[in-house]
Amino acid sequence: MQRKLKLLGFVILLGIFTLILYIVLHELGHCIVAVACGAKITEFSILTAHMTYIDGNFTNLETMWFNANGVLFPLIISYVYMIFYQKKRTNSLYRIFSYFAAILPLFSLFAWVFIPILILNDNTAISIGDDCANFLDIFSTKYNPVLVIISAIVLISLSLILMIKKNIIKNFISLMKVKQ
């Protein structure tokens, strides 16, 4: 029972830590594009999960990149982490952190599947104002939002393939199957 409580504590703490890390990487992804476009970052908040900037010269393509890089930057970091994941390591903290580091960016991609579906069914869904909707506000003027859905599904599949190939899911599940 003591081991189960210890593991639960690790899961909660590492889940919170990884969520904070994800927020930092997400906002950093936006910052990278903003700075590349000549903007000055005026605020970077983990607590409210946003960043603000002034100035900068954004084309439509750069605006789309700005919106997409919030999800893509942590995803790329996650892919690199998974590539170097050591499946034979048995450390509980390593396995729990690795699971969350792989799963959080994966879940963020689901918005890039469902929001385009909403927009295809009702154009007023663009007004929801998140990164994906802002991306689609420009993208869907020339291209079909189905391309975004397909791209997100490909990235989700790549995440799952890496998680399975590297035994990240299997190692996490085996860790959680604690005998009393």
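Above: the structure in question.
The present account deals with the structure reproduced in this document. All of these numbers come straight from a predicted model, not from anything done at the bench.

**Some remarks on the packing of helix α1 (residues 2-36) against helix α3 (residues 92-108)**
Running from N to C, α1 and α3 point in directions that differ by 45°, and their axes come no closer than 9 Å. Here α1 lies oblique to α3, going by the angle between them. Considering how the two elements wind past one another, α1 and α3 form a crossing that is right-handed. On the side of α1, the interface is formed by Arg3, Leu7, Phe10, Val11, Leu14, Gly15, Phe17, Thr18, Leu19, Leu21 and Tyr22, while α3 contributes Ser92, Leu93, Ile96, Phe97, Phe100, Ala101, Leu104, Pro105 and Ser108. Grouping the amino acids of the contact of α1 with α3 by side-chain chemistry returns 15 nonpolar, four polar and one charged.

**Quick word on the nonpolar core**
Soluble globular proteins tend to pack their nonpolar side chains together in the buried interior. Ile96, Trp112, Phe135, Leu136 and Met163 are the most contacted members of the largest nonpolar core, which has 41 residues in total. Among the secondary structure elements, those contributing two or more residues to this core are α1, α2 (60-83), α3, α4 (111-121), α5 (131-139), α6 (146-165) and α7 (168-176). Ranked by residue count, the leading element in this core is α3, at nine residues. Counting seven residues, the second largest nonpolar core, distinct from the first, contains Cys31, Ala34, Cys37 and Ala39.

**Notes on α4**
Among the residues making up α4, those that are buried are Trp112, Val113, Ile115, Pro116 and Ile119. Lining the buried residues of α4 we find α2, α3, α5 and α6.

**A look at α3**
With 17 residues, α3 ought to run about 24 Å at 1.5 Å a step, and its terminal C-alpha atoms sit 25 Å apart, in line with that. N-capping of α3 is provided by Asn91, with a side-chain oxygen placed 2.9 Å from the backbone N of Leu93.

**What to know about the pairing of strand β2 (residues 50-55)**
Across six bridges, strand β1 (residues 39-45) lies against β2 in antiparallel orientation. Each residue of the ladder has a partner; that of Ile41, found in β2, is Tyr53. Where β1 hands over to β2, the hairpin turn is made up of four residues, of which Ala49 adopts a positive phi near 50°.

**Here we look at a nonpolar patch on the surface**
The grouping of Leu5, Leu8, Ile12, Ile16, Ile20, Leu28, Ile32, Phe44 and Ile46 at the surface amounts to a nonpolar patch, some 760 Å² of accessible area in total. Here Leu8 is to be found in helix α1. Here Leu8 falls in the partly exposed class, since its relative accessible area comes to 46%.

**Examining the packing of aromatic side chains**
For the structure shown, the criterion picks out 14 aromatic pairs. Centroid distance Tyr53 to Phe66: 5.5 Å. Interplanar angle 65°. Geometry classified as edge-to-face. Taken together, the positions of Tyr53 in strand β2 and Phe66 in helix α2 put the pair 13 residues apart, joining distant regions of the chain. Ring-pair connections join several aromatic residues into one group, and the members of that group are Trp112, Phe135, Phe139 and Tyr143. Across from the ring centre of Tyr94, 3.9 Å away, lies the NZ or CZ of Arg89, which sits over that ring.

Rules behind the numbers
Residues numbered from 1 in each chain as written. Predicted model: local features only at pLDDT ≥ 70, side-chain atom pairs only at ≥ 80, totals over all residues. Heavy atoms only, no water. Axes fitted to C-alpha atoms, helices over the stretch in contact; angles between N-to-C directions. Helix = DSSP H or I, 4+ residues; strand = E, 2+ residues; numbered from the N terminus. Parallel < 35°, antiparallel > 145°, perpendicular 65-115°, else oblique. Left-handed = near helix turned anticlockwise from the far one by under 90°. Contact = heavy atoms within 4.5 Å. Nonpolar A, V, L, I, M, F, W, Y, C, P; charged D, E, K, R; others polar. Core = buried A, V, L, I, M, F, W, Y, C linked by side-chain atoms within 4.5 Å. Buried < 20%, exposed > 50% of the residue type's maximum accessible area, 1.4 Å probe, protein only. Expected span 1.5 Å × (residues − 1). Polar contact = N/O pair within 3.5 Å; in protein donor to acceptor, adjacent residues only side chain to side chain. Pairing = 2+ DSSP bridges. Patch = residues over 30% accessible without salt bridge, like charges linked within 9 Å, V, L, I, M, F, W, Y side chains within 5 Å. Areas by Shrake-Rupley, 256 points an atom, 1.4 Å probe, with all protein chains shown as cover. Salt bridge = Lys/Arg side-chain N within 4 Å of Asp/Glu carboxyl O. Phe/Tyr/Trp six-rings, centres within 6.5 Å; stacked < 30°, edge-to-face > 60°. Lys NZ or Arg CZ within 6 Å of the ring centre and 35° of its normal.

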